[in-house]
Amino acid sequence: SDRFGAVPREATFEPVSLGPVRGEWVKTKNAAPGRLILYFHGGGYIAGSPETHRALIAKLAHTSEATAFSLAYRLAPEFGFPAAVRDGLDAYRQLLARGLPPTAIVLAGSGSGGGLAFSVLLAIRNAGLAMPAGCLAMSPWADLTLSGWSVMQNAKNDTALSWDLLFVSARHYLKKAPPADPYASPVFANFKDFPPIMVHAGSLEMLRDDASRLGDRAAEAGVPVSVEIYDGMQHVFQANSHVPEARVSLQRLGQFVRQRTAPKIEPQSASAGR
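Residues numbered from 1 in each chain as written. Predicted model: local features only at pLDDT ≥ 70, side-chain atom pairs only at ≥ 80, totals over all residues. Heavy atoms only, no water.

## Points about the overall build of the protein chain
Inference 1: Assigned secondary structure in the protein chain consists of seven helices and eight strands.
Inference 2: Taking 2.2 N^0.38 as the reference for a compact globule, 274 residues should give roughly 19 Å; the C-alpha atoms of the protein chain span a radius of gyration of 18 Å, in line with that estimate.
Inference 3: The buried share of the protein chain, taken over its 274 residues, is 54%.
Inference 4: Taking as baseline every contact in the protein chain between residues at least 6 positions apart, the subset at least 24 positions apart corresponds to 79%.
Inference 5: Accessible area for the protein chain stands at about 12,000 Å²; split by element, carbon and sulfur atoms hold 54% of it.
Inference 6: Positive and negative side-chain charges of the protein chain, numbering 27 and 23 respectively, have mean locations separated by a distance of 5 Å. (Helix = DSSP H or I, 4+ residues; strand = E, 2+ residues; numbered from the N terminus. Rg over C-alpha atoms; globule rule 2.2 N^0.38 Å. Buried < 20%, exposed > 50% of the residue type's maximum accessible area, 1.4 Å probe, protein only. Contact = heavy atoms within 4.5 Å. Areas by Shrake-Rupley, 256 points an atom, 1.4 Å probe, with all protein chains shown as cover. Lys, Arg positive; Asp, Glu negative; His and termini not counted. Charge placed at Lys NZ, Arg CZ, Asp CG, Glu CD.)

Pasting the structure below:
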């Protein structure tokens, strides 16, 4: 996580527990009231934390003009699948119980956290809960079968990931669960009734096709979707503040959050103000 750069000085962080789940509030001065990102950090389900991803989350929160809740979901191998999904669902329930409307919440994540965001979205739908306003992901790991063509095609181009790392991480997380379970690999899920989706990835990363296939699932279900593959970019390139593409991607993702959570203005009736 050293490559994520310095944490923005205007951001503040507050560790907190929401019922059975832990995490931290990430707040910026420009956050609009009632706009929240429920964020899932990366790390292959075996590493990472809200603290390691503070710089990236704060940048996304700033461009989104939102507060973020970064979830400290349980990690493998001590806590295997589906512990992380359950933690994500519990966090969403806790936010709703505290009076936050689902239309004010966007799920988001990077790497394995990006795949987890879609797994939690699937759990929310199947639990019959009101759906959030949207879901976004940066370089999501959404296929633990490692069947995407880019896993082989970009094996020598990806400077962050390797087949061995992905395989070992998946094995620790899944244990005896099938890797094609939709809650583990949402590229195999049905996206019916999902909210709008935005996914960004780099053309040189092994998980490029995971992003594209999430877009395919959304399109098949008639869900509004935007998948953007940035030429010459690596895994979670948004963390690199020195490349223009990182700023463009974060601005696009922030715009998505702002538009999806903008308050709905009801047209005034003809008699209004009389």
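Next comes the rest of the account.
## So, the packing of helix α1 (residues 54-64) against helix α7 (residues 244-260)
Inference 1: Between α1 and α7, whose axes approach to 7 Å, the crossing angle comes to 55°. Of the possible angle classes, the one that applies to α1 and α7 is oblique. The chirality of how α1 crosses α7 is right-handed. In contact with Lys 59, Leu 60, Thr 63 and Ser 64 of α1, α7 contributes Leu 250, Gln 251, Leu 253, Gly 254, Val 257 and Arg 258.
Inference 2: Along the lines of polarity and charge, the residues of the contact of α1 with α7 split into four nonpolar, four polar and two charged. (Axes fitted to C-alpha atoms, helices over the stretch in contact; angles between N-to-C directions. Parallel < 35°, antiparallel > 145°, perpendicular 65-115°, else oblique. Left-handed = near helix turned anticlockwise from the far one by under 90°. Nonpolar A, V, L, I, M, F, W, Y, C, P; charged D, E, K, R; others polar.)

## Remarks on helix α5 (residues 163-174)
Inference 1: Spanning twelve residues, α5 covers 16 Å between terminal C-alpha atoms, matching the ideal 16 Å at 1.5 Å per step.
Inference 2: Within α5, burial applies to Leu 166, Ser 169, Ala 170, Tyr 173 and Leu 174. All buried residues of α5 lie within an arc of 115° about the axis, which places them on one face of the element. Away from the buried face of α5 by more than 90 degrees, exposed residues Asp 164 and Arg 171 are located.
Inference 3: Residues of α5 that are buried sit in contact with α2 (83-97). (Expected span 1.5 Å × (residues − 1). Arc of directions from axis to C-beta.)

## Looking at the packing of aromatic side chains
Inference 1: Applying the stated criterion across every chain yields a total of eight aromatic pairs.
Inference 2: With a centroid separation of 4.9 Å and 10° between ring planes, the pair formed by Trp 163 and Phe 167 is classed as stacked. Taken together, the positions of Trp 163 and Phe 167, both in helix α5 and four residues apart, correspond to about one turn of that helix.
Inference 3: Through a chain of ring-to-ring contacts, three or more aromatic side chains come together here, namely Tyr 45, Phe 81, Trp 141 and Tyr 173.
Inference 4: Positioned over the ring face of Phe 13 is Arg 54, at 4.6 Å from the centre of the ring. (Phe/Tyr/Trp six-rings, centres within 6.5 Å; stacked < 30°, edge-to-face > 60°. Lys NZ or Arg CZ within 6 Å of the ring centre and 35° of its normal.)

## Concerning the nonpolar core
Inference 1: With 56 residues, the main nonpolar core has Leu 38, Phe 40, Leu 107, Tyr 173 and Ile 197 as its most contacted residues.
Inference 2: Contacts of Ile 197, omitting those with residues within four sequence positions, involve Phe 118, Cys 135, Phe 191, Ala 218, Val 223, Pro 224, Val 225, Ser 226 and Phe 256.
Inference 3: Ranked by size, the runner-up nonpolar core spans 25 residues in total, among them Ala 68, Ala 108, Val 236 and Ala 239. (Core = buried A, V, L, I, M, F, W, Y, C linked by side-chain atoms within 4.5 Å.)

## Things to note about the pattern of salt bridges
Inference 1: Using the criterion set out here, one finds nine salt bridges in the structure.
Inference 2: As a salt-bridge pair, Glu 14 and Lys 27 come within 3.7 Å of each other at their nearest N and O atoms. With Glu 14 in strand β1 (residues 12-18) and Lys 27 in strand β2 (residues 21-27), this pair connects stretches of sequence that are 13 residues apart.
Inference 3: Across the pair Arg 252 and Glu 228 runs a salt bridge, and its minimum N-O distance is 2.3 Å. Of this pair, Arg 252 sits in helix α7 while Glu 228 sits in strand β8 (residues 225-230), placing them 24 residues apart in sequence.
Inference 4: The class for Glu 228 is buried, based on a relative accessible area of 15%. (Salt bridge = Lys/Arg side-chain N within 4 Å of Asp/Glu carboxyl O.)

## Some points on the environment of Tyr 45
Inference 1: Mapped onto the fold, Tyr 45 is located in the loop between β3 (36-40) and α1.
Inference 2: A residue is classified by how much of its surface remains accessible, and Tyr 45, at 1% relative accessible area, is buried.
Inference 3: As a C-alpha pair, Tyr 45 and Arg 74 span 29 residues in sequence and 8.3 Å in three-dimensional space.
Inference 4: Once you skip the residues sitting within four places of it in the chain, Tyr 45 turns out to touch Tyr 73, Leu 75, Ala 76, Ala 84, Ser 112, Gly 115, Leu 116, Trp 141, Leu 144 and Tyr 173.

## As for unusual backbone geometry
Inference 1: Pro 77 follows Ala 76 through a cis peptide bond whose omega is 5°.
Inference 2: Its place among the elements puts Pro 77 in the loop between β4 (67-71) and α2.
Inference 3: In this chain, Phe 81 is followed by Pro 82 through a cis amide linkage whose omega measures 5°.
Inference 4: Tracing the sequence through the fold places Pro 82 in the loop between β4 and α2.
Inference 5: For Tyr 45, which is not a glycine, the phi torsion comes out positive at approximately 70°.
Inference 6: Although it is not a glycine, Val 236 adopts a positive phi angle of roughly 50°.
Inference 7: Inspection of the secondary structure assignment puts Val 236 in the loop between β8 and α7.
Inference 8: Since its relative accessible area comes to 4%, Val 236 is described here as buried.

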